[in-house]
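# Descriptive analysis of the structure
Residue strings, one per chain:
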Amino acid sequence: MVLADLGRRLNAALSSLNRAPVVDEVVLDALLKEVCAALLESDVNVKLVSQLRQKVKTKVKATFETSGDKLKEANRKNVVQKAIFDELVHLVDPGVEPYKPKKGHPNVIMAVGLQGNGKTTTCTKLAVHYQKRGFKSCIVCADTFRAGAFDQTRQSATKAKVAYFGSYTETDPVAIAAQGVAKFKKEKFEVIIVDTSGRHKQESELFEEMVQIGHAVQPDMTVLVLDASIGQAAEAQSRAFKDSANFGAIIVTKMDGHAKGGGAISAVAATQTPIIFLGTGEHLTDLDRFAPQPFISKLLGFGDVQGLMEHMQDLATQNPDRQKEITKKLEEGKLSIRDWREQIQNVMNLGPISKIASMIPGLPQEMLAGSDEEGAVRMKRMIYITDSMTSAELDSDGSCFMEFAKDGKPTALTWRVTRVARGSGTSVREVEELLCQYRMMANMAKQAGGKNGWMQAMQKMQ
Ligand code: GDP
């Protein structure tokens, strides 16, 4: 993802500040030059970049002047870093709260956008997202323009186990939308997503149709789906849609590709509408929540605790009793190898390792090195090793793999290690490493006080 390059450059620029002995105008100018160059290269609008530079300079100067010589050098650095952070957040934050679906209410969400932007895919992703959070969700396919749109919805909705509505015979999209929404409202669905037709370009027929569907279904929120790869053209496209469909939120898709992203993300600020999600792949779970502060924080390598907590909550809602049990075991220091294996599998289910790791604050960038495939392979090998353990070994705290001296110190490995290595097609060293990591993780989690301790511990171990 090209945004990761932007993040690395911004992070490097900010880190260079820590190496500067004094923070004066020359240092500030050099830093801003690097930050602005990185933003411009990522396609961020030149006017916005120049405003950012000016605002940071004014803010920093004002603080330095009012504080005079009292401000310590370390604090001067903080002032600069905070000013840049705040302005980067401002760049992607129109200051408008997006609509939040309410439980027990038929929340109608209408998706609009040009053909090929990823609208149909995003509708299913959205339904999956809300379904995971306990909303009874469904999709109405009112795209009668594109041949095969209903088939696509039917296939992806079936795969995602989400209810859907559409028609092979009805050609009036307004009628389909109205029928579908009425049906699902009657059936007490809580998130009803209406997928509308796209066109290859912005044309009056498309806008007219959107307005009519809007009148028919009275959406609580209209979402514009924008393709990141259109770069700065996103501004004109979003303005055109805003004028006719007056959407209240934006989803930028294909952020996983080679698109620079900065164009779409910053250009939408022009419509003063919040981005709510980023599409990051073709899979149904490739949808990342977007909130300005966590986004910039993650981009700069500062982590995204909020996002991590959401992931954790997803796991907890899927199996709340088991997570409670694990937390209790952790707090009591009674986590078995079997429990640990389950947690590794959970992390693998959360998504690519890099995505999860980048949410954890304080993790050095080098920790994220290596591809997601490498991370996944490392985790899979750990699972293979545990697969070769007996039931009793899995339920143990790992001490059966060790011989101990009288003072309780481990002195040697037992025959069990060799057996597990042979059985799993790995080496004695790998098994030893795994046991060592398990013990480290169990200790660290205990110290961290259970709850999310295991997660932090696991990531440290990557
Ligand atoms: P629509 O015409 O706007 O409904 O677009 P579709 O949902 O049919 O998507 C067009 C293409 O973009 C399909 O091949 C999707 O798989 C792909 N696509 C959609 N969202 C994303 C995304 O976030 N990342 C990637 N890589 N591809 C996406």
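Residues numbered from 1 in each chain as written. Predicted model: local features only at pLDDT ≥ 70, side-chain atom pairs only at ≥ 80, totals over all residues.

In plain terms, the rule: UniProt positions are given in the numbering used here, feature names are shortened, and annotations may be inferred rather than shown by experiment.
The name that an unreviewed UniProt entry assigns to the protein is Signal recognition particle 54 kDa protein, with the source organism given as Hericium alpestre. Comment text from UniProt for the protein, heading Catalytic activity (unreviewed entry), reads "GTP + H2O = GDP + phosphate + H(+)". Quoted straight from UniProt, the Subunit (unreviewed entry) entry for the protein says "Fungal signal recognition particle consists of a 7S RNA molecule (scR1) and at least six protein subunits: srp72, srp68, srp54, sec65, srp21 and srp14."

## Comments concerning the overall build of the protein
For the record, the criterion: In this description a helix means any DSSP run of H or I spanning at least four residues, a strand means any run of E spanning at least two, and both kinds are numbered starting from the N terminus. Note on contacts: each residue gets a C-beta atom placed from the backbone, and two residues are in contact if those atoms are within 7 Å.
Within the protein one finds 20 helices and ten strands. Here the contacts in the protein between residues at least 6 apart in sequence split such that 73% fall between residues at least 24 apart.

## So, the packing of helix H5 (residues 119–132) against helix H6 (residues 149–160)
Test applied: Between N-to-C directions, angles cover 0 to 180 degrees, with each direction set by a line fitted to C-alpha atoms, over the stretch in contact for helices. Oblique is the label for any angle not under 35 degrees, not over 145, and not in the 65 to 115 range, which are roughly parallel, roughly antiparallel and roughly perpendicular in turn. Should the near helix be turned counterclockwise from the far one by less than a right angle, the crossing is left-handed, whereas a clockwise turn marks it as right-handed.
Packing of H5 against H6 leaves a shortest axis separation of 10 Å and a crossing angle of 25°. In terms of orientation, H5 lies roughly parallel with respect to H6. For the crossing formed where H5 meets H6, the hand is right-handed. Contact residues: Thr120, Thr124, Ala127 and Val128 in H5; Ala149, Gln152, Thr153, Ser156, Ala157 and Ala160 in H6.

## Quick word on the domain arrangement of the protein
Under the convention used in this document: Reported domain spans reflect what an automatic or database domain assignment gives.
Taken domain by domain, the protein holds domain 1 (2–92), domain 2 (107–299) and domain 3 (318–461). The interface of domain 1 with domain 2 comprises 16 residues on the first partner and 19 residues on the second. Within the residue set of the side of domain 1 that touches domain 2, elements represented by two or more residues are helix H1 (2–19) and helix H4 (73–92).

## Let's talk about the UniProt feature "domain: SRP54-type proteins GTP-binding" (unreviewed entry) in the protein
Within this numbering scheme, the UniProt entry marks residues 274–287 as carrying the feature "domain: SRP54-type proteins GTP-binding" (unreviewed entry). Between the first and last C-alpha atoms of residues 274–287 the distance is 16 Å; the span itself is 0% helix and 43% strand.

## Focus on the pairing of strand S10 (residues 410–413)
Operational definition: Each pair of strands is called paired provided DSSP finds at least two bridges between the two strands.
Pairing of strand S9 (residues 402–404) with S10, which is carried by three bridges, proceeds in the antiparallel orientation. By the bridge assignment for S10, glutamate 403 is matched with alanine 412. Between S9 and S10, which pair antiparallel one after the other, the connecting turn spans five residues, and glycine 408 there sits at a positive phi close to 90°.

## Topic: H5
Quick note on the threshold: In this scheme, a helix's expected span is set at 1.5 Å multiplied by one less than its residue total. Counting other C-beta atoms within 10 Å of its own, a residue is labelled buried from 20 upward, exposed at 12 or fewer, and partly exposed in the gap between, with every C-beta atom placed from the backbone.
A rise of 1.5 Å per residue sets the reference length of H5, with its 14 residues, at 20 Å; its end C-alpha atoms lie 20 Å apart and thus fit the reference within 8%. Most of H5 sits out of view: twelve of its 14 residues are buried. Taken together, the buried positions of H5 are occupied by Lys119, Thr120, Thr121, Thr122, Cys123, Thr124, Lys125, Leu126, Ala127, Val128, His129 and Tyr130. The positive-phi residue at the C-terminal boundary of H5 is glycine 134, with phi of around 90°.

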